[in-house]
Amino acid sequence: MKRASGPFTLEVPEQGAVRGHVRMSSSSAAPDDIAALGMCANVLSSILFERMQAQGTNIIMHLGQGAEVEVLARTEGDGLDFRWAPKQVDPGRFEEIQGRIQNKAFFIGKDQAGPSAREPPAQNAAALPEHHADEGDEDELVKHLYRIP
Amino acid sequence: MSESPEQLLEQQKRNCVFCKIVAGEIASRKVFENERFLAVLDINPAAPGHILLLPKEHFPILPLLPEQQQREIFQLAASLGEAAKEAVIAQRVTVFSASGYAAGQQAPHLLLHIIPREQGDGLEMLDLEQRTTSQPDALALSSLFEKAVLQMLEHLGRAPAPPSAPSAPEAPPDAASEGSSETAEFEDSRAALEAVLASNPDLRKLIMAQPSLVEDYVEKSPKLRRLFEGVNIKALSIALNRQEEARKDAAGERRKAARDLTEEELFRFIDGNEGLRTWLLQHPQELAANINANPRLQAFFEGVDLMDLSRRYREHAERGA
């Protein structure tokens, strides 16, 4: 049963992943929309706790061009298992990813700040490897090429 | 002597690995920090760029986080997700949270996992493609959830608006003359609305499926009020559904209505639809109320006495049992 709920679409699928499975979606994945979706998902999760006698709940958001949020009522032995096998990432790659994310995340929450705040700190800038089309970067470049429509 | 909840929480905090990470007692790979939140790379990542976002204060589960911080944690999750996606050039991001042991929560400190995703990354279980559990109370739940979500959005100051409101409204159609039938009202206003509906299929579908909801939107939005001035939205919905049926008739696509089916076919249809079955057996009056609010269900059950159908179907079910 799909319903429009304000800017979002709400659906309780007749066939769910578990009994007590709700899905919300939004055509936007902007932070304010995700915040509203997340807070609504939290309310739904509390209702599931009460109505379905759930022992736990999951909120799973898929963010791309738009956003989809799955809210699940969980009970022990319900057949769902979200445990993942850890990926091996070598320390050098870890450091490189950390530097890249730090650089991109540096501006979060600084939109209202003055121009001087919009410069990443020197140590973060240093953590970002210079971009050369050498062997190490080849995978990233190939990934970029695949994204070109 | 048993400990109070406050004492237990204090003890939980003292033993919490993530509180130690926040305090700097355990090393971590920090990617973002502000006064209230910390984001670090997961040392056992589900994928490269996997971030853990956590409140600096100890909160065991999301519902216990104060409202302002709930808003902030999801805003940060969206922004950090975008940062991680760009950093590892991923296609999309999944944000995962578990509240309670049964949901897979492993640490007593609220965490959001922000995981960059790729096709074939081995994390398909997060996409929930296996959906084999029937939800017989889907109808009742969706109504309850819808109310809760609308209340929450109102509380957040986000006035509900249709998913895709027309951006350039045409001149409002003239009000239909008093005393005319609902369908005639639609005929009068059809020309003015046609362009808007043709350019906005989502709005058309919404009017067809949920005219009451559209009426609510129209009441709340001055722009929509101007566009729909003088238009009976329920009549418009009926007319659009009839148009659609006529189109399906012409294309040989129309689904049969209940009256077109034999009793055996109708019962077989109900047997295969657990939600409808439950409502028909247990809540026939509520089902009738829901049908009246849904033109498609109304079209399917047109001319059927639901209470009589409920009685006959119960007898059929008892015979089957």
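Everything numeric in this text was worked out from a predicted model, so none of it was measured.

Bringing the overall build of chain A into the picture now. Looking only at helices and strands, chain A has 4 helices and 6 strands in total. Overall, chain A shows an N-to-C arrangement of helices and strands of β-β-β-β-α-β-β-α-α-α. Here chain A, with 149 residues, has 45% of them falling under the buried criterion. Considering only contacts within chain A whose residues lie at least 6 apart along the sequence, 39% involve residues at least 24 apart. Per element, the accessible surface of chain A, about 7,800 Å² overall, is 50% carbon and sulfur.

Residues and elements named next belong to chain B. Burial runs high along strand β3 (residues 51–55): 5 of the 5 residues are buried. A two-sided burial pattern is seen for β3, the buried positions comprising I51, L53 and P55 on one face and L52 and L54 on the other. Pairing between strand β2 (residues 37–41) and β3: 5 bridges, direction antiparallel. Bridging from a neighbouring strand, L41 pairs with I51 of β3. For β3 and strand β5 (residues 112–117), the ladder comprises 3 bridges, and the chain directions are antiparallel. Bridging across to β5, L52 finds its partner in H113.

Looking now at the environment of A:I97. Considering the arrangement of structural elements, one finds A:I97 in helix α2 (residues 91–105). What A:I97 contacts, discounting residues up to four positions off in sequence, is B:L41, B:P48, B:G49 and B:V88.

So, about helix α14 (residues 306–320) of chain B. Residue and element names in this part refer to chain B. Its 15 residues give α14 an end-to-end C-alpha distance of 20 Å, which sits within 8% of 21 Å, the value for a rise of 1.5 Å per residue. Looking only at α14, the buried set comprises L306, L309, S310, Y313 and A317. Down the axis of α14, the buried set is contained in an arc of 100 degrees. They therefore lie on one face. Exposed positions of α14 whose direction lies more than 90 degrees from the buried face are E318 and R319. Sitting at the amino-terminal end of α14 is D305, which places a side-chain oxygen 3.1 Å from the backbone nitrogen of M307.

Relative to the helices and strands, A:D33 is located in helix α1 (residues 31–51). The residues contacting A:D33, other than those within four sequence positions of it, are A:F8, A:S26, A:S28 and B:R158.

Let's shift gears to the interface of chain B and chain A. The figure often quoted for interface size is the accessible area lost as the parts come together. Each partner contributes residues to the interface: chain B has 89 residues there, and chain A has 79 residues. When the buried area of chain B at its contact with chain A is split by residue, B:I89, B:R131 and B:Q135 rank highest and sum to 10% of it. Taken together, chain B and chain A are joined by 1 salt bridge. Where chain B packs against chain A, one counts 24 residue pairs in polar contact (both at pLDDT 80 or more). Elements with a minimum of two residues in the side of chain B that touches chain A: β1 (30–33), α3 (67–88), β4 (92–99), β5, β6 (133–134), α4 (138–155) and α7 (211–220) of chain B. Element by element, the count of residues in the side of chain B that touches chain A is highest for α3(B), at 15 residues. When grouped by side-chain class, the residues that make up the side of chain B that touches chain A number 50 nonpolar, 23 polar and 16 charged. Looking at chain direction, strand β3 (residues 15–16) of chain A and β6(B) are connected through 2 bridges and run antiparallel. From the neighbouring strand, A:G16 faces β6(B), where its bridge partner is B:T133.

Turning next to the packing of helix α10 (residues 263–271) of chain B against helix α11 (residues 274–282) of chain B. For any two helices packed against each other, one specifies the crossing angle of their axes together with the interaxial distance. Residue and element names in this part refer to chain B. Across the interface, α10 lies against α11 with an axial gap of 7 Å and an inter-helix angle of 110 degrees. Classified by the angle their axes make, α10 and α11 are roughly perpendicular. When α10 is examined against α11, the residues F269, I270 and D271 are found in contact with a partner set consisting of L276, R277 and L280.

Quick look at the packing of α11(B) against α14(B) now. Residues and elements named next belong to chain B. Running from amino to carboxyl end, α11 crosses α14 at an angle of 105 degrees, the nearest separation of the two axes being 8 Å. Considered as vectors, α11 and α14 are oriented roughly perpendicular to each other. Seen from α11, the contacting residues are R277, L280 and L281; seen from α14, they are L306, L309, S310, Y313, R314 and A317.

The next subject is the side chain of A:R23. Position of A:R23 among the secondary structure elements: in strand β4 (residues 21–26). Within the local environment of A:R23, its side chain forms a polar contact with the side chain of A:E68, the two groups lying 3.4 Å apart. In this structure A:R23 touches A:T9, A:L10, A:E11, A:E68, A:V69, A:E70 and B:R131, once residues within four positions along its chain are discounted.

Conventions adopted
Residues numbered from 1 in each chain as written. Chains lettered and ligands numbered in written order. Predicted model: local features only at pLDDT ≥ 70, side-chain atom pairs only at ≥ 80, totals over all residues. Heavy atoms only, no water. Helix = DSSP H or I, 4+ residues; strand = E, 2+ residues; numbered from the N terminus. Buried < 20%, exposed > 50% of the residue type's maximum accessible area, 1.4 Å probe, protein only. Contact = heavy atoms within 4.5 Å. Areas by Shrake-Rupley, 256 points an atom, 1.4 Å probe, with all protein chains shown as cover. Pairing = 2+ DSSP bridges. Expected span 1.5 Å × (residues − 1). Arc of directions from axis to C-beta. Polar contact = N/O pair within 3.5 Å; in protein donor to acceptor, adjacent residues only side chain to side chain. Buried area = accessible area lost by both parts, 1.4 Å probe. Salt bridge = Lys/Arg side-chain N within 4 Å of Asp/Glu carboxyl O. Nonpolar A, V, L, I, M, F, W, Y, C, P; charged D, E, K, R; others polar. Axes fitted to C-alpha atoms, helices over the stretch in contact; angles between N-to-C directions. Parallel < 35°, antiparallel > 145°, perpendicular 65-115°, else oblique.

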